Amino acid sequence: MALRTRRIVTGHDSNGKAIVASDEVMEGVSAPSRPYISRCEIWSTDKMPVDNSEGPAGEAQKAGFVKRYNYVGSGQGTVIRITEFAPGAPKFMHRTETVDYAILLNGECDLELDDGKTVHMTPGDIVVQRGTMHAWVNNGTEPCTFAFILIDADPVEAGGQRLTTHYHGPGPTEGR
C-alpha cells in the first residue's frame, strides 16, 4: 500500500501574522503484524482547551501524544489520522473510549457491528462511532481510505455494564 498524506500546519510569525509553519508529505506506516493497514497520524492534542502556541506544545501535538494508537487516552484529547485498509484485510472487532468521526474518503467499506449487522459505505459517507464494538471490512477490490477524528469520551454504560476499550483480535496496536 502506498498511503501518502500532505499535512499543512499553520502558525504565526513574530508579528502575529499567519504563516504556513510546515508543509510536508507523510508516508503511511504499517505495523509488521498488520501490513494491510497503513496510517498517518496527522495531529493529536492532550487537553482542552488546546494549546495553540508555537514551540514545544505545537511540536508535541505534531509528533502525537497517542502511544496506544487506537484511542486518545488522556481524557481530554483528540486525534486525527488517515487510515487505509487493503482489500480483503482481516477484520478485528474493537471498542474505544472515544467518539469517532469516520469519514470515508475513497474506496468502499463495510462497518460491521458485534451483532453481525453491516452498513455499506461509499466515499463521502460519515459514521459517528459512539463507543460501540465494530470492525471495518474492505470487501472491495481497491484500498479504502478514511479520515478518523477521535475525541476522548467517557465509557458507555449499557445493560448494567461499563463498556470500556476492548479488542477481539491480535492486539490494540493498529487500526482504528
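Draft legend 1. Structural detail: the sheet that holds strand 12 (residues 144-152). Overall, antiparallel pairing links the six strands, which are arranged 3-4-5-12-7-10 in an open sheet. Two strands in the sheet have a free side with no partner beyond their single neighbour: strand 3 (29-31) and strand 10 (126-130). Strand-to-strand twist in this sheet, taken as the mean axis angle between neighbours without regard to direction, amounts to 30°. Pairing of strand 5 (residues 78-85) with strand 12, which is carried by eight bridges, proceeds in the antiparallel orientation. Bridge pairing links Thr-83 to Phe-146 in strand 12.

Draft legend 2. Highlighting the packing of aromatic side chains. This model, assessed by the stated rule, comprises four aromatic pairs. Ring centres 6.1 Å apart and planes at 90° place the aromatic pair Phe-85 and Phe-146 in the edge-to-face group. Residue Phe-85 is located in strand 5, and its partner Phe-146 is located in strand 12; the two are separated by 61 residues in the primary sequence. Phe-146 matches Phe-85 in its accessibility class, with the two residues each being buried. Ring geometry for Trp-136 against Phe-148: centres 5.6 Å apart, planes inclined by 55°, an arrangement best described as tilted. Within this pair, whereas Trp-136 is found in strand 11 (residues 134-137), its partner Phe-148 is found in strand 12, the two being separated by 12 residues in sequence.

Conventions used here
- Residues numbered from 1 in each chain as written.
- Predicted model: local features only at pLDDT ≥ 70, side-chain atom pairs only at ≥ 80, totals over all residues.
- Heavy atoms only, no water.
- Pairing = 2+ DSSP bridges.
- Helix = DSSP H or I, 4+ residues; strand = E, 2+ residues; numbered from the N terminus.
- Axes fitted to C-alpha atoms, helices over the stretch in contact; angles between N-to-C directions.
- Phe/Tyr/Trp six-rings, centres within 6.5 Å; stacked < 30°, edge-to-face > 60°.
- Buried < 20%, exposed > 50% of the residue type's maximum accessible area, 1.4 Å probe, protein only.

Nothing here speaks to function; it is all geometry.
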